[in-house]
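Working through the structure, step by step
Spelled out, the chains give:
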Amino acid sequence: MSIWVDKNSKVIVQGITGREGLFHAQRMHAYGTRIVGGVTPGKGGTTVEGFAVFNTVHDAVGATGATHTIIFVPPQFAADALYEAYDAGIGFAVCITEGIPVHDILKVVTTTSGMRIVGPNCPGVVSPGRSLIGIMPGHIFKEGRIGMISRSGTLTYEIVDSLSKAGLGQSTCVGIGGDPIIGTTFVDCLRAFANDPETDALVLCGEIGGSDEEDAAAFVRDHLPTKPVVAFIGGRSAPKGKRLGHAGAIISGNFGTPESKLAAFAAAGVPVADRPSAIPGLVRDRLATAR
Amino acid sequence: MKLMEWQGKELFRRAGIPTPRGEVVRDPEDAAAFVAANPGSWVLKSQVLMGGRGKAGGIKFADDPNQARALAGELIGKVLKNEQNPDGERVGALLIEEKVAIESEAYVSIAIDRAAKKPIVMLTAQGGMDVEEVAARDPGAIAKYWIDPAIGFSPFIARRLAFAANFPAGFHKALPGVIGGLYRVFMDYGANLVEINPLVLTKDGAVIASDAKVELDDNGLFRHPELQAWKTEGPVDDDQAAAIATGLGLSNYAKLDGDIGVIANGAGLGMGTMDAIRNAGGAAANFLDIGGGAQAELVKKSYNLVVSDPRVKAMFINIFGGITRGDQVAKGIVEALAGDDVRKVPLVVRLTGTNEKEGRAILAAAKMNPVETMDEGARRVVEMARGGVFP
């Protein structure tokens, strides 16, 4: 099993005729994802590289029974794209777009209950061997029983690569995105993984800034007594007050510091790796003690 | 984008929040002329974005035109410095405002609460000081309310908060108007933060915003072309200026204290690379995230930006491609090094992920050998920076 995304997921690509949209539609298709079509207003009825194009999400859902969407539209149109998906009855949306106004996304995530949104500004979700809805390089993943949750895209690849090379495959990997407001948090993911019998252990990749890691640690302490969790925190060497790429990754005052996150994970009995390559070893140790 | 006080107050006035009477001047003669035309006691407030401008000597008082001219001459062009801002900030404009007789000072702000995914209103009757100090010393003195965006602001919120924070009675009648206006500014202009500190109750019973702190979301600025002119008003710091000139996102470059240049794709990997360099005993000279899907040209410009820092002794380019394609990165590196006038430092490249094969082929053709892992790359670049060993 896996969470949220599997072989039955029928996926449309919003913005399929754009450069990135088409490139990744082809890569996802090659991975084995069921890409059932795409949406570009004004190009309905045509095909692009073999994918059926629709004018509206409503048309696409009607014709294909799509259940999932992935969004590549420019930031000023992203909120509209998410509302359109919600209106058409899509239950799961991955939003890749970077640079969406924070007020837009705030309104979207608080008014579209029933539709799970992953992102924005995220690499997507993959259940290895089943379906990849995102922009991750598929070949680094391996089927298995480790769940992975990450705020960062490229750090996810780094960690997944080391897990796969160590023989630790993954059930599902979720890149939740690094923006201040996101649709799906660490805790949302932990809750879903908690009920997945085919996920034996979890890797949580956080970074400085915000309090998502502290919330996740509290959830692990209170609700995940049996599933081993290992964490990593990016940006531990970052100075205070510098905004490092992600809008969310900033230490301001005593808020969002690595110390606070380390303390929270320690209190929850979650070991924190000092480098990505140390994660597989910690996962193995935790799995061995859990048995 | 952070707004100057006078700009924030302009938005406040449009939303019906009372502010002191005043005028923006950039020339001492204009300051004198204004005071001559409006006799009375005036405050000359330096327009800077840094905090603590009063302690840095950025606020003066003038009762006549000559005094106004002299003090304005002293302030305009001056670089204000204090402990938190050792580099200081140059004063370009002054806001001349009527001096008000203060009965009481309060604090009110609206910001986005990330965890709650709602706007949060914060109030305290202890205005005029750093709210973080109040929070640390007397957390009970701060009243908070999370606004449901579907309902928006309603006057009861102001009443509830005013009673909870023990506001003097003189504030009560005006407060719903002030907070309602503040919420409108927050929503209409897509702000990350709107803050009035202090919100003043005057001796004659008026409630006015004596200061204004407004931070707008850069991603939402396209909706406000009318604010374009204000973009150049605030000083971009050196990092932001360098990022803009290179074609990077505003927060994708930051100078740090070490001597090892870093280029990575993605903020997480960029931070991870800094951490790896520290783990290997070195220190990063910068953070640089080329973002997702960077083309060769951006990679080349990023290389040039990093080596433009004379402290950089060696560089680590760490790429794990997802949306970024390895061939584009490799092409950019090769092109950057092809120039005769470019400064060359010992360079370690790690290139994996999307279009890795194509990228490695391009590097191989240029006789470059990428390392396999981040740990290995970090170790080698630290050795190179220490010993000046060329690959």
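Source: prediction; values computed, not measured.

Let's shift gears to the overall build of chain A. Regarding its fold elements, chain A presents 9 helices and 14 strands. For 291 residues, the compact-globule estimate of 2.2 N^0.38 gives 19 Å, and chain A sits close to it at 19 Å. Here chain A holds 291 residues, and 60% of them are scored as buried. Residue pairs in contact within chain A that sit at least 24 positions apart in sequence constitute 72% of those at least 6 positions apart.

Let us look at the interface of chain B and chain A. Interfaces are often sized by the amount of accessible area the parts lose when they come together. Each partner contributes to the interface: chain B provides 44 residues, whereas chain A provides 50 residues. Counting residues per element, the ones that place at least two in the side of chain B that touches chain A are α9 (267–279), β16 (314–321) and α13 (374–387) of chain B. Among the elements that make up the side of chain B that touches chain A, the one with the highest residue count is α9 of chain B (11 residues). Along the lines of polarity and charge, the residues of the side of chain B that touches chain A split into 17 nonpolar, 19 polar and 8 charged.

Apart from glycine, the bulk of residues carry a negative phi angle, and the bulk of peptide bonds sit in the trans form. Geometrically, the link from glycine 119 of chain A to proline 120 of chain A is a cis peptide bond, its omega value of 10° lying close to zero. For proline 120 of chain A, the position within the fold is in the loop between β7 (116–118) and β8 (124–127). Between asparagine 197 of chain B and the following residue, proline 198 of chain B, the backbone shows a cis peptide bond with an omega angle of 10°. Secondary-structure assignment places proline 198 of chain B in strand β10 (residues 191–202). A positive phi angle, near 55°, is found at lysine 117 of chain B, a position not held by glycine.

All names here are of chain B. Partitioning chain B into structural domains gives domain 1 (1–19 + 101–235), domain 2 (21–99) and domain 3 (238–387). The centre of domain 1, based on its C-alpha atoms, is set 24 Å off from the matching centre of domain 2. Tallying the contact residues gives 6 residues for domain 1 and 6 residues for domain 2. For the side of domain 1 that touches domain 2, the class distribution of residues is 3 nonpolar, 1 polar and 2 charged.

Residues and elements named next belong to chain A. Spatially, β3-β4-β2-β1-β5-β6-β7 is the arrangement adopted by the 7 strands of the open sheet, whose pairing is mixed. With partners counted over all chains shown, the strands left at the sheet margins are β3 (47–48) and β7, one partner each. Note that strand β6 (residues 92–95) and β7 share 3 bridges and pair parallel. For valine 94, the partnering residue across the bridge sits in β7 and is valine 118.

On to the packing of helix α3 (residues 75–87) of chain A against helix α4 (residues 102–111) of chain A. The description of two helices packed together rests on the angle between their axes and the distance between the axes. Residues and elements named next belong to chain A. The contact between α3 and α4 brings their axes to 9 Å, and the two run at 10°. Compared by their axis directions, α3 and α4 come out roughly parallel. Judged by residue contacts, Ala79, Leu82 and Tyr83 of α3 engage Asp104, Ile105 and Val108 from α4. A class-by-class count of the residues in the contact of α3 with α4 yields 5 nonpolar, no polar and 1 charged.

In a beta sheet, neighbouring strands pair by backbone hydrogen bonds and run either parallel or antiparallel. Residues and elements named next belong to chain B. Pairing is antiparallel across the open sheet formed by 4 strands, whose spatial order is β1-β6-β2-β3. The open sheet has two edge strands with one neighbour each: β1 (22–25) and β3 (59–62). Ignoring strand direction, the axes of neighbouring strands in this sheet form an average angle of 25°. Summarising the sheet, strand β2 (residues 42–46) and β3 pair through 4 bridges and their orientation is antiparallel. Counted as the bridge partner of leucine 44 is lysine 60 from β3. In this fold helix α3 (residues 65–75) packs onto β1, β2, β3 and β6 (94–98), with an angle of close to 10° to the strand it touches most, β2.

All names here are of chain A. Across its 13 residues, helix α1 (residues 19–31) extends 19 Å between first and last C-alpha, which sits within 8% of the 18 Å expected from 1.5 Å per residue. Of the positions making up α1, those classed as buried are Gly21, His24, Ala25, Arg27, Met28 and Tyr31. On the buried face of α1, the contacting elements are β1 (10–14), β2 (34–39), β4 (51–54) and β9 (131–134).

The next subject is the domain arrangement of chain A. Residues and elements named next belong to chain A. Parsing chain A into structural domains produces domain 1 (1–121) and domain 2 (136–291). Relative to domain 2, the C-alpha centre of domain 1 lies at a distance of 26 Å. If you look at the interface, domain 1 gives 17 residues, while domain 2 gives 18 residues. If you list the elements that add at least two residues to the side of domain 1 that touches domain 2, you get α1, α4 and β7. With 4 residues, α4 is the largest single contributor of residues to the side of domain 1 that touches domain 2.

Definitions and cut-offs
Residues numbered from 1 in each chain as written. Chains lettered and ligands numbered in written order. Predicted model: local features only at pLDDT ≥ 70, side-chain atom pairs only at ≥ 80, totals over all residues. Helix = DSSP H or I, 4+ residues; strand = E, 2+ residues; numbered from the N terminus. Rg over C-alpha atoms; globule rule 2.2 N^0.38 Å. Buried ≥ 20, exposed ≤ 12 C-beta atoms within 10 Å, placed from the backbone. Contact = placed C-beta atoms within 7 Å. Nonpolar A, V, L, I, M, F, W, Y, C, P; charged D, E, K, R; others polar. Domains from an automatic or database assignment. Pairing = 2+ DSSP bridges. Axes fitted to C-alpha atoms, helices over the stretch in contact; angles between N-to-C directions. Parallel < 35°, antiparallel > 145°, perpendicular 65-115°, else oblique. Expected span 1.5 Å × (residues − 1).

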